[in-house]
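Structural description and commentary
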Amino acid sequence: MIITVLGGGNGSFAAAADLTLAGHEVRLWRRDEEQVSAHRAAGGTIKLIEGRKEAVATLHTITSSIAEALAGAELVLCPLPAFAQDSIAQLAAPHLEDGQVVFLPPGTFGSYVFAKAVKDAGGSTDVAFAETGTLPWLARKKSAYEVRLSGRGVRLPTGVFPQSKSAHALEVIGRAFPGAIEDCGDALSAALMNAGPIIHPPLIVMNAAAIEHFDTWDIHTEGTQPAVRRVTDALDRERIVVREAFGYGAPHFPLANHYNKTGEMWMYGREDHDTISETRDWNESLDLATHRYMLEDTRMGLSLLSSFGALAEVATPLVNGFMAIGGAIVGEDFMKTGRSRSALGLDHLDRDQLRNLLVEGFK
């Protein structure tokens, strides 16, 4: 299958290498022509490290031309932070073709953002947009062209916009992630599966002093103490109540399952949280004002959850609290600068109108 991967971060490099090694024709697109040229000059490869195994993937194409990257691709993978989606969607919109599937892992309702950009650009009306609850790889780049995996997505709850295109979209995505894709309905259902806004805001806000005091800090080891876990579980309950209020059924993928040694499997493998701690790859320096845990998960993810919770008439005090504290740290009102229904242009829709949009799209 021809797969286009957008971006040059941890997730994009993991995707490009892993999918190439799985036998797909992978095109890696990056905005920066200098970085593209340097990567080509270095051989156009990415080394993938997973446990004691190492493999070198030679990518089919590395380009800064979005038109070249998208032409003829069956699957377009966009593992970029949510705050990059608007600009990427506008670049891609005129070049997307009938039958293509755009997959955002995770999306923060970015599937709707992409679809709206294509509509506004007068692009193809036969493109499906999908998102899931987490990045399919726990990954960190170790050098310019080397990435290490600490875990893989084994259950990826995935929703499609419009939901009427689900069968085609899930079949295409399933060929890239065999056995891992689970249909969770429409795109909002998938957006409300996003784990980042649940796990990361408590870890950075409740560890803010340690993060700023020490040169490096591992929020998943030193920072994940019992008090933090109790708060994370309470925050996750707010997410699940919002899902239930919209009529979405189980499984809700409670974050507690990520930490449990028994019971229902979460999105990653059973031992992946321990592997994160053992590699020490997440013992890192975090700038609270600029890191994606703040600008993506806290600003955009929590504002989305709060805003749709309000439509469902569900109280979200912890969501609002972490969003307010994060905004104070950065110096913004995250409800105004994030991804609320108002920012998405959806605040005029009632629940029935929203449901129709999610199923039928812009018909």
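This text goes with the structure placed above it.
My aim in this report is to walk through the structure given alongside it, one point at a time. Keep in mind it's a predicted model, so treat the numbers as computed, not measured.

Regarding unusual backbone geometry
- The linkage connecting Pro105 with the following residue, Pro106, adopts the cis geometry, with an omega of -10°.
- Structurally, Pro106 is set in the loop between strand 7 (101–104) and helix 5 (110–120).
- With a phi angle near 55°, Thr108 is a residue other than glycine that sits in the positive phi range.
- Mapped onto the secondary structure, Thr108 falls in the loop between strand 7 and helix 5.
- Its identity is not glycine, yet Glu313 carries a phi of approximately 60°, on the positive side.
- Here Glu313 lies in the loop between helix 13 (292–311) and helix 14 (317–330).

Quick look at the packing of aromatic side chains
- Under the criterion given, the structure shown has eleven aromatic pairs.
- Plain terms: the ring middles of Phe103 and Phe177 are 5.9 Å apart, the flat faces sit at 65° to each other, and that makes the pair edge-to-face. Remark: Phe177 occurs in the loop between helix 6 (166–176) and strand 12 (181–186) and Phe103 occurs in strand 7; sequence separation between them is 74 residues.
- Residue classification places Phe103 among the buried residues on the basis of a relative accessible area of 0%.

Section: the nonpolar core
- The biggest cluster of nonpolar side chains holds 116 residues, and the ones touching the most others in it are Leu75, Phe109, Trp137, Phe177, Leu188, Phe246 and Phe308.
- Sort the elements by how many residues they give to this core and helix 13 lands first, with eight residues.
- For Phe177, the contacting residues outside a window of four places in its chain are Leu77, Phe103, Pro136, Trp137 and Leu156.

Topic: the layout of surface pockets
- Size it by volume and the largest pocket reaches roughly 850 Å³.
- Lining the largest pocket are 41 residues; nearest its centre among them are Asn10, Leu135, Arg140, Arg292 and Glu296.
- Taken together, the elements giving at least two residues each to the lining of the largest pocket come down to helix 1 (10–21), strand 9 (137–143), helix 8 (196–205) and helix 13.
- Split into classes, the residues belonging to the lining of the largest pocket amount to 20 nonpolar, 14 polar and seven charged.
- The computed volume of the second largest pocket comes to approximately 270 Å³.
- If you trace the second largest pocket, you find 16 residues lining it, with Ser124, Thr125, Lys165, Gly361 and Phe362 closest to the centre.
- The biggest single contributor to the lining of the second largest pocket is helix 5, with three residues.
- Grouping the amino acids of the lining of the second largest pocket by side-chain chemistry returns seven nonpolar, five polar and four charged.

Section: the pattern of salt bridges
- Here the structure, examined in full by the defined rule, presents 21 salt bridges.
- In this structure, Glu33 and Arg40 form a salt bridge, with 3.9 Å as the shortest nitrogen-oxygen distance.
- Two residues, Lys165 and Asp126, come together in a salt bridge whose shortest N-O distance is 3.1 Å. Here Lys165 is found in the loop between strand 11 (156–161) and helix 6, whereas its partner Asp126 is found in the loop between helix 5 and strand 8 (128–132), with 39 residues between them in sequence.
- A single salt-bridge network, built from bridges that share partners, covers Asp18, Glu50 and Arg152.

Quick word on the environment of Gly361
- Within the secondary structure layout, Gly361 lies in the segment after helix 17 (351–360).
- Classification of Gly361 as buried rests on a relative accessible area of 9%.
- Those residues in contact with Gly361, other than ones at most four positions away along the chain, are Phe161, Pro162 and Asn356.

A word on the packing of helix 10 (residues 226–245) against helix 14
- Axis separation between helix 10 and helix 14 bottoms out at 8 Å; the angle between their running directions is 115°. Along the contact surface, helix 10 presents Val231, Ala234, Leu235 and Glu238, while helix 14 presents Pro317, Leu318, Val319 and Phe322.

Digging into the state of the cysteines
- One pass over the structure, following the stated rule, counts zero disulfides.
- The cysteine Cys184 is free of any disulfide, with Cys78 supplying the nearest cysteine sulfur at 18 Å.
- Using a relative accessible area of 14% as the deciding quantity, one classes Cys184 as buried.

Let's talk about the sheet that holds strand 7
- With mixed pairing, the eight strands of this open sheet are ordered in space as 5-2-1-6-7-8-11-12. Each end of this open sheet is capped by a strand with a single partner; those strands are strand 5 (61–63) and strand 12. On average, each strand axis in the sheet is tilted by 25° relative to the strand beside it, whichever way the strands run.
- As paired strands, strand 11 and strand 12 are joined by five bridges and run parallel to one another. Paired with Thr158 across the strands is Asp183, a residue of strand 12.
- Against the sheet, helix 5 makes contact with strand 7, strand 8 and strand 11, and its axis sits at roughly 160° relative to strand 8, the strand it touches most.

With respect to empty space enclosed by the protein
- Taken as a whole and assessed by the stated rule, the structure comprises two cavities of 30 Å³ or more.
- What the largest cavity holds in volume is close to 70 Å³.
- Along its surface, the largest cavity is lined by Thr108, Ala191, Leu192, Asn194, Pro197, Ile198, Arg239, Gly301, Leu304 and Leu305.
- Contributing elements (two or more residues each) for the lining of the largest cavity: helix 8 and helix 13.

Description of the side chain of Ser111
- Within the element layout of this structure, Ser111 appears in helix 5.
- Other than its neighbours up to four places away in sequence, Ser111 contacts Leu104, Phe129, Ala130, Glu131, Phe161 and Ala187.

Conventions adopted
- Residues numbered from 1 in each chain as written.
- Predicted model: local features only at pLDDT ≥ 70, side-chain atom pairs only at ≥ 80, totals over all residues.
- Heavy atoms only, no water.
- Helix = DSSP H or I, 4+ residues; strand = E, 2+ residues; numbered from the N terminus.
- Phe/Tyr/Trp six-rings, centres within 6.5 Å; stacked < 30°, edge-to-face > 60°.
- Buried < 20%, exposed > 50% of the residue type's maximum accessible area, 1.4 Å probe, protein only.
- Core = buried A, V, L, I, M, F, W, Y, C linked by side-chain atoms within 4.5 Å.
- Contact = heavy atoms within 4.5 Å.
- 1 Å grid on protein atoms, 1.4 Å probe; cavity = no way out; pocket = protein on both sides within 12 Å on 5 of 7 lines; lining within 4 Å.
- Points joined across faces, edges and corners; volume = space filled by probe spheres on them.
- Nonpolar A, V, L, I, M, F, W, Y, C, P; charged D, E, K, R; others polar.
- Salt bridge = Lys/Arg side-chain N within 4 Å of Asp/Glu carboxyl O.
- Axes fitted to C-alpha atoms, helices over the stretch in contact; angles between N-to-C directions.
- Disulfide = S-S within 2.5 Å.
- Pairing = 2+ DSSP bridges.

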